[in-house]
Amino acid sequence: MKLVSTPELLSLQLRVIASLVLRETRATFGTSPFGYVWAIITPTVGVGLMVFLFSIIGRQPPFGSSLALFFATGVLTLQFFNQLSNKLMTVFDANRALLTYPIIKDVDTLIARAVLVAATYVVIMVVFYTALIALKLASLPAHPEHVVLAFLATFLLGLGFGTLNAVIASLWDTWTQIEKILTRPLFFVSGIFYVPSQLPPQARDLLQWNPVLHLVEWFRHGFYPNYNSMLLDVWYPVSVGAGMLLVGLAGERLFRQARY
Amino acid sequence: MLVFDRVSKYYRVGGVKKTILSDFSFAFPPDRNVGIMGKNGAGKSTMMRLMAGIEPPTLGNIFRTSRVSWPLGFSGGFNGSMTGIENIRFVSRIYGQDPARVISYVTEFAELGPSLRLPIKTYSSGMKARLAFGLSMAIDFDVYLIDEVTAVGDEDFKKKSKAVFKDKLARSQIIMISHSPSTIAQYCDCGLLLEGSRIRFFDRTDDLLLAYKELNA
């Protein structure tokens, strides 16, 4: 039995998500002056500091002529993924009070948070890469369409992993701690400060199972004209992301009773 | 339309199964105000949460075509670090209302003055209740769900609330939980009595109140 028309439901869905994004923005960044500016400054300064440290110890860029661009493609990609995963993991608990308004559902709060994180990283990346280009530390992306696709794929993987985490964490609190331990090594195995293609074959065989590494490689393929990654398989992170999102959403539906 | 179709609801807490509703079917009569009575723990509030759609039933379906409010008088959905105005704006948006209209209505109704521009966490519980009541009255629902609260605040505010409430009743329906026979008698014209194992419908409030009295005797 269908009681409300599809266009009506769609407009309700959009309205609820848009309101939640605005509320979440206000709640996350609105408490301190220049709140949203900090969300952009913190990661930017973080990457800048790392580039500075590596350049004073005299490190050469592993690829291309810009240390900054090489690190940024690694660190910003991983950060975007990590932020999605972290912020989404706690979303069901954090927004419990909101569910008192019956037209807001768990999945709405999940989508709203994901949209906010993605929008923040669009701004961060645009600001950072534009600054690099303006400072002559990078040239315009060689394949801009691949930069966009890599961003979308990172969003999908982060959303999938975050949704799955949110469901697991809602059933088992300890998972939030375990997830932190599990994702910590990503910094070292995602090709952030080395070129994965230059590693010995045994290492490559192992690392290619890490979907985040493919995303980093994808971003670099988008920025450099001749990155020629030996590992990049664009379908791998996309399928892993889609698969996790599917399992996560199915889990949300399946265990919905258990959360109340 | 608000229909419960073979609805069961139970919770499992620490291996113990607690049944609230089992195989309950009921069509809430439109254009009538329904009182819900029963002892503490009989499942009145859970039933209301099911009506509102806050919680899903364990088994069965609940069909809802009318605009049903959130359980009224409730203030837990407010975000403490956001101001009164910001909270009003948020609720107006999700319900597709014009925020400016709702803000001006609540400003006039709740009489909170400049406090509306302060974070909710600075409010007293009375102020919060006035805001919540004003907000729910500003949005037009077909069915208002009321859990124990009919009037909050001082005498003046109570009078005002009652007047607005009476006005609402001309166009909307209410479903109300209360332990107070006089409140039920004042607002409702039929009712449900939750007795743990069974639920009885009474076509007249008098019969409901009588059965409720016997239950407590």
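The structure presented is a predicted model; accordingly, all values stated were derived computationally and were not measured. (Residues numbered from 1 in each chain as written. Chains lettered and ligands numbered in written order. Predicted model: local features only at pLDDT ≥ 70, side-chain atom pairs only at ≥ 80, totals over all residues.)

Here we look at the pairing of strand β1 (residues 2–13) of chain B
Residue and element names in this part refer to chain B.
Part 1 of the argument: In terms of strand pairing, β1 meets strand β4 (residues 59–64) through 5 bridges, oriented antiparallel. Bridge assignment links Phe-4 to a residue of β4, and that residue is Ile-62.
Part 2 of the argument: Strand direction decides the pairing type here: β1 and strand β2 (residues 16–27), joined by 8 bridges, are antiparallel. When the bridges of β2 are listed, Arg-12 appears paired with Lys-17. (Pairing = 2+ DSSP bridges. Helix = DSSP H or I, 4+ residues; strand = E, 2+ residues; numbered from the N terminus.)

So, the confidence of the model for chain B
Part 1 of the argument: On average, residues of chain B carry a pLDDT of 85, and 96% of them reach 70 or more.
Part 2 of the argument: The element-level mean pLDDT for chain B is lowest in helix α5 (residues 155–169) of chain B, coming to 80, with helix α2 (residues 84–94) of chain B highest at 91. (pLDDT = per-residue confidence, 0-100.)

Describing unusual backbone geometry
Residue and element names in this part refer to chain B.
Part 1 of the argument: We note that Arg-6 has phi near 45°; this positive angle belongs to a residue other than glycine.
Part 2 of the argument: The topology assignment puts Arg-6 in strand β1.
Part 3 of the argument: Positive phi, close to 50°, is recorded for Glu-111, a residue that is not glycine.
Part 4 of the argument: Position of Glu-111 among the secondary structure elements: in the loop between α3 (99–110) and α4 (125–138).

Considering helix α2 (residues 35–56) of chain A
Residues and elements named next belong to chain A.
Part 1 of the argument: Its 22 residues place the ends of α2 32 Å apart at the C-alpha level, agreeing with the 32 Å of an ideal helix rising 1.5 Å per residue.
Part 2 of the argument: Among all positions in α2, only Ala-39, Pro-43 and Val-51 are buried.
Part 3 of the argument: Buried positions along α2 lie against α1 (6–29), α3 (67–89) and α5 (106–134). (Expected span 1.5 Å × (residues − 1). Buried ≥ 20, exposed ≤ 12 C-beta atoms within 10 Å, placed from the backbone. Contact = placed C-beta atoms within 7 Å.)

Describing the sheet that holds β4(B)
All names here are of chain B.
Part 1 of the argument: Strand order in the open sheet made by the 3 strands is β2-β1-β4, with antiparallel pairing throughout. Looking at the sheet topology across the chains shown, the edges are occupied by β2 and β4. Across the sheet, the mean angle separating the axes of adjacent strands is 25° when strand polarity is ignored.
Part 2 of the argument: Helix-sheet contacts for helix α1 (residues 44–52) involve β1, β2 and β4, and the interaxial angle to β1 is about 125°. (Axes fitted to C-alpha atoms, helices over the stretch in contact; angles between N-to-C directions.)

Considering the pairing of strand β7 (residues 190–194) of chain B
Residue and element names in this part refer to chain B.
Part 1 of the argument: By the criterion of burial, β7 is predominantly enclosed, with 4 of the 5 residues buried.
Part 2 of the argument: Two strands pair when backbone bridges link them, and strand β3 (residues 34–38) and β7 are joined in this way by 5 bridges, in the parallel orientation. By the bridge assignment for β7, Ile-36 is matched with Leu-192.
Part 3 of the argument: Bridge count between β7 and strand β8 (residues 199–202): 4 bridges; the pairing is antiparallel. Across the sheet, Leu-194 pairs through a bridge with Ile-199, a residue of β8.
Part 4 of the argument: The antiparallel hairpin formed by β7 and β8 contains 4 residues in its connecting segment, where Gly-196 sits at a positive phi of about 85°.

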